[in-house]
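Okay, here's what each chain looks like letter by letter:
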Amino acid sequence: MSDQPMTEAEIELALSELPGWHHERDRLERSWTFDGHLAAVSAASAVGWLQEQRNHHADLTIRYNKLTVSTTTHSAGHKVSEKDTELARAVTDLLD
């Protein structure tokens with residue numbers, strides 16, 4: 001898995017297979033809404049384990065019952081890389 005920045009075309013192709021995700025400010029981002037705060041916190045914890053397994057860590061934001069995952073690759077100059085699309089795919093599989 002490469003940590004080289006992806007082109008806009010590569011990002012758009014990857015997003016076509018990542019429902020709900022969008023690209024802005026050199027990040028991939030998506031939010032999920034849960035039944036309550038504890039469900040959102042539990043989901044964030046599960047995402048944390050996925051990140052540790054991949055040694056690639058997204059920003060996680062919890063606002064009561066909403067979890068937002070926002071990822072970029074620091075070693076790629078804070079741009080989107082394959083590490084981000086793979087993490088997005090894994091998070092989607094976990095939370096959808």
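Here, the structure is the one placed above.
Thresholds, definitions, all that
Going along each chain's sequence as written, the residues are numbered from 1 onward. The predicted nature of this model means local features are confined to residues of pLDDT at least 70 and side-chain atom pairs, given and counted, to a pLDDT of 80 or more, with totals for whole chains, interfaces and linings taken over all residues. Only hydrogens and water are removed before side-chain values are computed, so all heavy atoms of the structure are retained for them. Side-chain atoms within 4.5 Å are what join buried Ala, Val, Leu, Ile, Met, Phe, Trp, Tyr and Cys residues into a set we call a nonpolar core. The cut-offs for exposure are 20% and 50% of the maximum accessible area for each residue type, with area from a 1.4 Å probe on protein chains only; residues under the lower value are buried, those over the upper are exposed, and the others partly exposed. Numbering of helices and strands runs from the N terminus, with a helix taken as a DSSP run of H or I at least four residues long and a strand as a DSSP run of E at least two residues long. Throughout, a residue-residue contact means that at least one pair of heavy atoms, one from each residue, lies within 4.5 Å. Charge convention: Lys and Arg are scored as positive, Asp and Glu as negative, and His as well as the terminal groups of each chain are ignored. Salt bridge, as applied in this entry: a Lys or Arg side-chain nitrogen positioned within 4 Å of an Asp or Glu carboxyl oxygen. Throughout this description, a polar contact denotes any pair of N or O atoms lying within 3.5 Å of each other; where both atoms belong to protein, one of them has to be capable of donating a hydrogen while the other can accept it, and for residues adjacent in sequence the pair is counted only when both atoms sit in side chains.

(A) Structural detail: the nonpolar core. Counting residues in each nonpolar core, the largest one holds 23 residues, and the members touching the most others are Trp21, Trp32, Phe34, Leu67, Val69, Val91 and Leu95. When contributions to this core are tallied by element, the ones reaching two or more residues are helix H1 (8–15), strand S2 (27–33), helix H2 (37–54), strand S4 (66–71) and helix H3 (82–95). Trp21 has contacts with Leu15, Leu28, Glu29, Arg30, Trp32, Val69, Ala88, Val91 and Thr92, leaving out every residue within four places of it along the chain.

(B) Highlighting the side chain of Asp84. Mapped onto the secondary structure, Asp84 falls in helix H3. The buried charged residue Asp84 lacks any salt bridge, with Arg27 as its nearest oppositely charged partner at 7.2 Å. A distance of 3.2 Å separates a polar atom in the side chain of Asp84 from the backbone nitrogen of Thr72. Among the polar contacts listed, one links the side chain of Asp84 to the backbone nitrogen of Ser81, at a separation of 2.8 Å. Apart from residues lying up to four places away in sequence, Asp84 is in contact with Leu28, His56, Thr71, Thr72, Thr73 and Lys79.

(C) Just the pattern of salt bridges, in detail. Tallying each qualifying case throughout the model produces eight salt bridges. A salt bridge links Arg25 to Glu24; the shortest N-O distance between them is 2.4 Å. A salt bridge links Lys79 to Asp26; the nearest nitrogen and oxygen atoms lie 3.2 Å apart. With Lys79 in the loop between S4 and H3 and Asp26 in the loop between strand S1 (22–24) and S2, this pair connects stretches of sequence that are 53 residues apart. Judged by its relative accessible area of 35%, Lys79 falls in the partly exposed class. A network of salt bridges, in which partner residues are shared, links Glu17, Glu86 and Arg89.

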